[in-house]
Structures are given as structure tokens and as C-alpha cells.
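One-letter residues, chain by chain:
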Amino acid sequence: MGPFIVTLTITFGTCLWLLACRERRRANPNDRIPYFGAPPKSEGRAWFYLLLGGGAIGGTAAYLATQSMYWVGFLVLALAIASYLALIYKHNSELNNQTAH
């Protein structure tokens, strides 16, 4: 794989994870979303996006780990997970602010 395909696959996988977060936020506008596990209401599309995006990111991270140093593949995976968890944190903190007022 060339650098362009690797970058494109990582971007595609991360966009799918962010799309899954959006689907979960729309399905649970007034409920907290757990960081790990299923939310109270879950659409099938969100699971599909998570699995497809995770496969794309994981496969590319494994490829990068074999082509360069191991930490590069881990860094790609960690950044994608951090962006997904940050959006869940934002949703949950917005709910906390609404209930406080």
C-alpha cells in the first residue's frame, strides 16, 4: 500500500467511527451514552459503522506497524479511539449541563 491509500483508509475508518457516534447521539438525544458498551437505544447502522471503521483502522494500523515502527500503528489506533471517546464525552457533558440548569 502506498502512503495515499494508507491515509485514505485511516480517514475512511475514522469518518465511519464519527458517523457511528452521530447515529448514537441521534438515537439517544436525552440519554447518556456509555463509553464502552451499548447505549439505551442503538441503531443497527451504528454497529455496522463501528465494525467497518474498526476493521479499516485496525488493518491499516497493523500494516503500518509492519512497515515502520510498532508505535506508528498504535498511534493511529489511539487517535481514532480518542476522537470517538471525545465526542461521547461532549454529548454526556452537554446532558449534564442541561440537567444542572
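The structure presented is a predicted model; accordingly, all values stated were derived computationally and were not measured. (Residues numbered from 1 in each chain as written. Predicted model: local features only at pLDDT ≥ 70, side-chain atom pairs only at ≥ 80, totals over all residues. Heavy atoms only, no water.)

A.B. asks: For the overall build of the chain, give the residues involved together with the corresponding values.
C.D. replies: Helix and strand counts for the chain come out as 3 helices and 0 strands. Secondary structure elements of the chain occur, N-terminal to C-terminal, as α-α-α. Taken along the three principal axes of its C-alpha coordinates, the chain extends 50 × 25 × 20 Å. By residue count, 32% of the 101 residues in the chain fall in the buried class. Looking at the chain alone, contacts between residues at least 24 apart form 69% of all its contacts between residues at least 6 apart. The chain carries 8 positive and 4 negative side-chain charges, and their two centres are separated by 3 Å. (Helix = DSSP H or I, 4+ residues; strand = E, 2+ residues; numbered from the N terminus. Buried < 20%, exposed > 50% of the residue type's maximum accessible area, 1.4 Å probe, protein only. Contact = heavy atoms within 4.5 Å. Lys, Arg positive; Asp, Glu negative; His and termini not counted. Charge placed at Lys NZ, Arg CZ, Asp CG, Glu CD.)

A.B. asks: Summarise the environment of Asn28; cite the residues concerned and give the values.
C.D. replies: Summarising the element assignment, Asn28 is placed in the loop between helix 1 (3-27) and helix 2 (44-67). For Asn28, a relative accessible area of 0% translates into the label buried. For Asn28, the residues in contact, after removing those within four places along its chain, are Ile33, Pro39, Pro40, Lys41 and His91.

A.B. asks: Let's hear about helix 2: which residues, and what values?
C.D. replies: Helical geometry note: an α-helix holds 3.6 residues per turn, so side chains three or four residues apart project in the same direction. In this model helix 2 runs 35 Å from its N-terminal to its C-terminal C-alpha over 24 residues, within 8% of the 34 Å that 1.5 Å per residue would give. If you check which residues of helix 2 are buried, you get Ala46, Tyr49, Leu50, Gly53, Ala56, Ile57, Thr60, Ala61, Leu64 and Ala65. Buried positions along helix 2 lie against helix 1 and helix 3 (70-100). (Expected span 1.5 Å × (residues − 1).)

A.B. asks: So what's going on with the nonpolar core? Which residues, and what values?
C.D. replies: Core analysis: the largest hydrophobic core is formed by 16 residues, its most contacted members being Trp17 and Tyr84. When residues of this core are traced back to their parent elements, those giving at least two are helix 1, helix 2 and helix 3. If sequence neighbours within four positions are ignored, Trp17 has contacts with Tyr49, Leu50, Gly53, Gly54, Ile57, Ala80, Ile81 and Tyr84. (Core = buried A, V, L, I, M, F, W, Y, C linked by side-chain atoms within 4.5 Å.)

A.B. asks: Any chance you could break down the pattern of salt bridges for me, citing the residues and the numbers?
C.D. replies: Summed over the entire model, instances satisfying the criterion amount to 4 salt bridges. In this structure, the salt-bridge partner of Arg45 is Glu23, at a minimum N-O distance of 2.9 Å. Residue Arg45 is located in helix 2, and its partner Glu23 is located in helix 1; the two are separated by 22 residues in the primary sequence. In this structure, Glu94 engages Lys90 in a salt bridge whose closest nitrogen and oxygen atoms are separated by 3.2 Å. Taken together, the residues span about one helical turn, with Glu94 and Lys90 both in helix 3 at a distance of 4 residues. Through salt bridges with shared partners, one network takes in Arg22, Glu23 and Arg45. (Salt bridge = Lys/Arg side-chain N within 4 Å of Asp/Glu carboxyl O.)

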